[in-house]
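Examination of the molecular architecture
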Amino acid sequence: MKNFFSKTILLIIITIITSCSQDENVVDNTNSITVITDPVTELKGKTLTFNGRVIGDDVEIVARGFAWSLNSNPTTNDYTEVVDGSGFGSFFIDIKNSIEPLQTYHVRAWVSTQLGETFYGNDLEFTTKDVLSIENFRIEGIVSTRVVVSSKIEKIDDETGLFETGYVFSVNPNPTLSNFSINTSHFPFNDTEFTINNLSPNTDYYIRPYVSFPHDNRVIYGEELKFKTVGYVGPSGGYVVFDKGSESDGWRFMEAAPGYFDNVTWGCKNISIPGMPKNIGSGYANSQRIINSCNDSNFAAKLCRDYDGGGYNNWFLPSSQEMSAVIRSLVDINALTGDNSYWVSNQNESIPDEGIYLYYNPSKDEISEYSTSKGYGFYDAIPVRRYK
């Protein structure tokens, strides 16, 4: 009986010793030590920051660090880095070039005690970003055969290397480089506007920016936007000649009247009306300002404002840039009428008695800006209106 008890005790001792020797990396924290893996920060391509904390007492912490892997619950046998310092509290380390973009990893904070024990924190999963991203993609303006777009590259990794930029577009969703594409590498994405030409009027398109890496044949595509080129009939029965791409300042679309006023004056001769902008969106205010500044009975701005085609009363004489969009869109759908010279709601700031007009040269397909006496009565005026 005595021999039996001796063997039993010896077996228990051997089992305990064997169990301890097989558990070199203690995963479960004791009541005296708690290790916490905090969220990963500064995700930038191949660079990020691991964060952790250790809480407890009555034990000496001699080493702290992080272990990470593509698999869950990484240990110091996987990728690992030791953090400078020791003891309790927060700790972190910046990691670079040991991770790859667009990968999902697992990380755990760990600490070692003076007794040689290793304690791990919670397993935390994170996914790395790409080395760059395409931001602020937007459509700035649409006419019948052209669209103006802009984008910006957020370069996440300073060691990105050479890449090419551009836009892909198609009449079908999710265009790629196998569809129509425009390379803009000489015109980098920095919120600068870029014009894509030779589109078809009155057609739905899908477009997105891209960045390609020639060294590994990889392509990153940005957000996809859908747009429709103008040249279709608007609410009043005239053609839509401009689309901002989105609504702002109470309007998005511009429609040209189906007719025009033939052989009219700019008006307000010998009256200077300075400070009228030429940009798109300024024609309505310009027209109203011209009307308020002179008492002539029939002139370009007044005729356009008094026009009520389609039952609408918000017509006006377009500004220089607005009229350029009108001419371009109407030419591209063979709908431009008149004598190719059209007043706009701007005056020559250097010679205030001259009004500005645009001339379309059919042989060169060019639109040019000129000025002449406000009393000259042989140019045309096309009313336009804006709507949502």
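The notes below deal with the structure included here. (Residues numbered from 1 in each chain as written. Predicted model: local features only at pLDDT ≥ 70, side-chain atom pairs only at ≥ 80, totals over all residues. Heavy atoms only, no water.)

1. A look at helix α2 (residues 283-293)
Listed in full, the buried residues belonging to α2 are Gly283, Asn286, Ser287, Ile290 and Ile291. The arc that holds every buried residue of α2, seen down its axis, measures 135 degrees, which confines them to one face. Exposed side chains of α2 directed beyond 90 degrees from the buried face belong to Ala285 and Asn292. Among the structural elements, α3 (300-306), α4 (320-332) and β20 (341-347) are those in contact with the buried residues of α2. (Buried < 20%, exposed > 50% of the residue type's maximum accessible area, 1.4 Å probe, protein only. Helix = DSSP H or I, 4+ residues; strand = E, 2+ residues; numbered from the N terminus. Arc of directions from axis to C-beta. Contact = heavy atoms within 4.5 Å.)

2. Focus on the nonpolar core
Counting residues in each nonpolar core, the largest one holds 22 residues, and the members touching the most others are Met254, Met323, Val326 and Ile327. Those elements that place two or more of their residues in this core are β17 (240-248), β18 (251-256), α4, β20 and β21 (354-361). No other element matches the six residues that α4 contributes to this core. Setting aside residues up to four positions removed in sequence, Met254 forms contacts with Tyr239, Val240, Val241, Phe242, Phe316, Glu322, Val384, Arg385 and Arg386. (Core = buried A, V, L, I, M, F, W, Y, C linked by side-chain atoms within 4.5 Å.)

3. Considering the state of the cysteines
Under the counting rule described, the total for this entry stands at one disulfide. Covalent S-S linkage joins Cys268 and Cys294, the inter-sulfur distance amounting to 2.3 Å. Taking the torsion about the S-S bond as the criterion, the Cys268 to Cys294 disulfide, at about -65 degrees, is left-handed. Here Cys268 is found in the loop between β19 (261-264) and α2, whereas its partner Cys294 is found in the loop between α2 and α3, with 26 residues between them in sequence. Note on accessibility: Cys268 and Cys294 belong to one class, buried. (Disulfide = S-S within 2.5 Å.)

4. Topic: the layout of surface pockets
Volume-wise, the largest pocket comes out at about 530 Å³. Taken together, 22 residues make up the lining of the largest pocket; nearest its centre are Glu140, Gly141, Val148, Phe242 and Ile280. Contributing elements (two or more residues each) for the lining of the largest pocket: β9 (132-142), β10 (147-155), β17 and α4. (1 Å grid on protein atoms, 1.4 Å probe; cavity = no way out; pocket = protein on both sides within 12 Å on 5 of 7 lines; lining within 4 Å. Points joined across faces, edges and corners; volume = space filled by probe spheres on them.)

5. A look at the pattern of salt bridges
Counted according to the given criterion, the structure contains nine salt bridges. Notably, a salt bridge pairs Lys269 with Asp353, separated by 3.4 Å at the nearest N-O pair. Placement of Lys269 in the loop between β19 and α2 and of Asp353 in the loop between β20 and β21 is noted, with a sequence separation of 84 residues between them. Residue Asp353 is classed as partly exposed on the basis of its relative accessible area of 23%. (Salt bridge = Lys/Arg side-chain N within 4 Å of Asp/Glu carboxyl O.)

6. Section: the pairing of strand β6 (residues 104-113)
The buried fraction of β6 amounts to nine of the ten residues, a majority that puts the element mostly inside the structure. Here eight bridges tie strand β3 (residues 61-69) to β6, and the two strands are oriented antiparallel to one another. Each residue of the ladder has a partner; that of Ala63, found in β6, is Ser112. Examined bridge by bridge, β6 and strand β8 (residues 124-127) share four bridges and lie antiparallel to one another. Among the inter-strand pairings, Thr104 is bridged to a residue of β8, identified as Thr127. Note: β6 against strand β7 (residues 118-120), three bridges, orientation antiparallel. Within β7, the position partnered with Ser112 by the bridge is Thr118. (Pairing = 2+ DSSP bridges.)

7. What about α4?
Given a rise of 1.5 Å per residue, 13 residues ought to cover 18 Å, and the 18 Å separating the end C-alpha atoms of α4 matches this to within 8%. Those residues of α4 that fall on the buried side of the exposure criterion are Ser320, Glu322, Met323, Ala325, Val326, Ile327, Arg328, Ser329, Leu330 and Val331. Just downstream of α4 lies Asn334, where phi reads positive at about 55 degrees. (Expected span 1.5 Å × (residues − 1).)

8. Section: the side chain of Asn346
Topologically, Asn346 is positioned in strand β20. Judged by its relative accessible area of 1%, Asn346 falls in the buried class. Those residues in contact with Asn346 that sit more than four places away from it in its chain are Trp266, Met276, Pro277, Lys278, Asn286, Ser319, Ser320, Gly355 and Ile356.

9. Here we look at the packing of aromatic side chains
Two measures describe an aromatic ring pair: the distance that separates the ring centres and the angle between the ring planes. Applying the stated rule across the entire model yields 23 aromatic pairs. Arranged with centres 5.8 Å apart and planes meeting at 35 degrees, the rings of Phe137 and Tyr167 form a pair that is tilted. One end of the pair, Phe137, is in strand β9; the other, Tyr167, is in strand β11 (residues 164-170), and 30 residues separate them in sequence. When sorted by exposure, Phe137 lands in the same class as Tyr167, which is buried. What links up through ring pairs into an aromatic cluster is the set Phe50, Phe66, Trp68, Tyr79, Phe91, Tyr105 and Phe126. The aromatic ring of Tyr120 is capped on one face by Arg108, whose charged end is 4.2 Å from the ring centroid. (Phe/Tyr/Trp six-rings, centres within 6.5 Å; stacked < 30°, edge-to-face > 60°. Lys NZ or Arg CZ within 6 Å of the ring centre and 35° of its normal.)

Read these as geometric descriptors, not functional statements.
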